[in-house]
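Inside the fold
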Amino acid sequence: MRLSLVTFSVTALLVSLSSHPAQAQAPETDSYVVIAAGEQVGYLQATRTGDQVEIDYDVDNNGRGPGNHQTLTLNADGIPLSWTIEGHSLFGDPVQETLIQSGDTLSWTSQSDSGSIEVSEPRLYIAADDSPWSEGMYVRAVLASDGDSLPVAPAGELTVEPVPLDAPIEGLEDATVYRLTGLNLDASYVVMDSDLRLIANLSGMTILEEYADLAPQLARLRSDFDVQHQEALQEQLAHRFDTPVVIRNVRLFDPEAGALTGLSAVTVFEGEIVGVQPDDAAWIGEDHQLIDGEGGVLVPGLHDMHAHISTATGLRYLSAGVTSVRDMGNDPEGLIRLINRIDAGELAGPRTVRNGMLEGRSPYSVRTGIIADTLDNALDAVRWYASHGYWQVKIYNSLPGDWIAPVIAEAHAWGLGVTGHVPAFVTPDYAIEAGYDDISHINQLMLGWLLEADEDTRTPIRLTGMRRAATLDLQSDKVQHTVDLMVEHGTALDTTAVTLELLMLSRSGEFPSAAAGHADHMPIGFQRNRRRAFVTIDSDETDAEYRNGFQRLLDTMKLLDERGVQLLPGTDSAYGFPALREVELYVEAGLSPARALALATLEAERYLGRDAWLGSIEIGKRADFFLIPNDPLEDISNIREIRLVMKDGVAYLPAEIHRALGIQPFAEPVTLPGATQ
């Protein structure tokens, strides 16, 4: 049975939202819990008295999380006329945001931006540092407008639509689920009762306390929504060929030679590269389909060696030329199901090597993968990952130091590799000697040279401590000793330099270099999030320390590459574009564009043991590559202008993907003759 869409009287809605003197109404309080991986990690309390709303919100997950106190005054349509937010952001940076609508002027200040606009009537403002409660308010405001969309400040438009259900939500039979788009890259889903009271925000799972036991059911529902939406997009955006397809008039980037070939023609059939010929001598059969590359460059598909994929991220990865990823921590069983659907062609997404997160129990535990309460639990987790086809185990911050050696021994006995963070109070030198195959994040390596023995890397000091790198001597004995160990043991480094750049160099009110080149193409919520600081910059001296510390990070990458340490380009991201910036950062560190691209393509696949069939454009390999108009060896940033992506012979046009996702395209697509969808 299909759930009926909630209908309501707009007049009744406006009456319910209208202002009344505070003394005439008793306060009404809604208390919510924030849940991650089945465990409470925060709370939200919203108290309304007449037209006034007070909100207290706090999250502590993996040693970090936002927290704030908010005060709002709403008009009869549920639109804030005033709004103050005071607290801290994800990594503890102070937040102070204000909105005032007075007369025909809307003015705001936030960590991201400030300004004022003239409005003919009150306009819905989207806060930079709000809370999950706000999305219920946004839905009510759109519905009160008698339409399904509403222009918002500072810019953009929100759209709200009810989501049809195959059956009522058990325990919430009168509820409606609304899809909210226009805030960020992903749609938001909120559950409202018949009085438009917020029951749950399914992004991150914030739910009324009295319905907390329904959280698993609602999480599955959210997953179903994502799958249905992405299935429809895959049907719309994936272009398949029934006969051989030839991409003509292109040069190829050869990662082995570090150079471009002459003009060539590449023939693809049934997902495989079956021909690579000089363009002027290419044989083309009568049934072949032609794509004119217009003198551009074909680059092997990029590999993001530190990803966290989801149903919603597959198209974004592909649109950035990322055809393969190494997933570094996810829902263990859910990841298997997702990969199977991608491999079957039902959903778009990159090829995925799966790594299993293994965390210890502590107040700072990350709620991802498997959390082990005992060493026996940890060893059983290793066995579970091995028996379910995982490639590596990823050790995380709270795993006790004395468990590391037996966990590594068990993993290696099962043929699994070991990667991960360096757990709290453990040195990188110990992790290397104990048998890590690679270390996750360059800061996890460098903190071994920067922190004191009693400093706890489960806290934000794993980020803030990186400012100390400004004065680090890379020729010092401690640095050289660690590098010598990496060379001796063949230990690789999964760099995620782009994430450190975002965290160390973000400044309020401006796009950081980590986001430059793509952020201004994104929805307004994403843009505002990127115009913010993640660390507290309280002086010019602090600013200089972070900037100089990041430069020393780049210098460390150059040193490691020169010493022969395997670098693995990764992003710790979930939306593709940072993989392009990661490659650019390798060049900024002093590597050549050819070397940077080789590490992100063939060398990554070689590390994974898949270079016989991936990583370069050669006969017999899978058809994973992307087309750009200009030479990346002259300017590495040319990799951003992607006109065509192929993964396993299925073609995608990034411009089509971006328009479907609310992103402004970066390059004009090629013409695809004879393709089917």
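Please read these numbers as outputs of a predicted model, since none were measured by experiment. (Residues numbered from 1 in each chain as written. Predicted model: local features only at pLDDT ≥ 70, side-chain atom pairs only at ≥ 80, totals over all residues. Heavy atoms only, no water.)

This part is about the packing of helix 12 (residues 497–505) against helix 15 (residues 577–588). Axis separation between helix 12 and helix 15 bottoms out at 8 Å; the angle between their running directions is 95°. As far as their axial angle goes, helix 15 and helix 12 are roughly perpendicular. Judged by residue contacts, A497, V498 and E501 of helix 12 engage P578, R581, E582 and L585 from helix 15. (Axes fitted to C-alpha atoms, helices over the stretch in contact; angles between N-to-C directions. Helix = DSSP H or I, 4+ residues; strand = E, 2+ residues; numbered from the N terminus. Parallel < 35°, antiparallel > 145°, perpendicular 65-115°, else oblique. Contact = heavy atoms within 4.5 Å.)

A separate point is the packing of aromatic side chains. Inspection of every chain in the model, using the stated rule, returns ten aromatic pairs. Judged by centre distance (6.1 Å) and plane angle (85°), the rings of W83 and Y125 are edge-to-face. One end of the pair, W83, is in strand 5 (residues 80–88); the other, Y125, is in strand 9 (residues 124–125), and 42 residues separate them in sequence. The same class applies to W83 as to Y125, namely buried. Ring geometry for Y385 versus Y390: centroids 4.8 Å apart, planes at 55°, classification tilted. Geometry around W133 places R140 over its ring, the cationic atom sitting 5.5 Å from the centre. A cation over a ring is seen here: R354 above Y390, with NZ or CZ 5.4 Å from the ring centre. (Phe/Tyr/Trp six-rings, centres within 6.5 Å; stacked < 30°, edge-to-face > 60°. Buried < 20%, exposed > 50% of the residue type's maximum accessible area, 1.4 Å probe, protein only. Lys NZ or Arg CZ within 6 Å of the ring centre and 35° of its normal.)

What follows is about the confidence of the model for the chain. Residues with a pLDDT of 70 or more make up 96% of the chain, whose mean pLDDT is 92. Overall, residues 1–23 carries pLDDT values under 50, and its contacts beyond four positions in sequence, including any with other chains, amount to 46 contacts. (pLDDT = per-residue confidence, 0-100.)

Now for the sheet that holds strand 30 (residues 567–568). Across the sheet, which stays open at both edges, the three strands sit in the order 28-29-30 with parallel pairing between neighbours. Only two strands of the sheet have a single neighbouring strand rather than two, namely strand 28 (438–440) and strand 30. Two strands pair when backbone bridges link them, and strand 28 and strand 29 (residues 492–494) are joined in this way by three bridges, in the parallel orientation. Residue pairing across strands places I439 opposite L493, the latter belonging to strand 29. (Pairing = 2+ DSSP bridges.)

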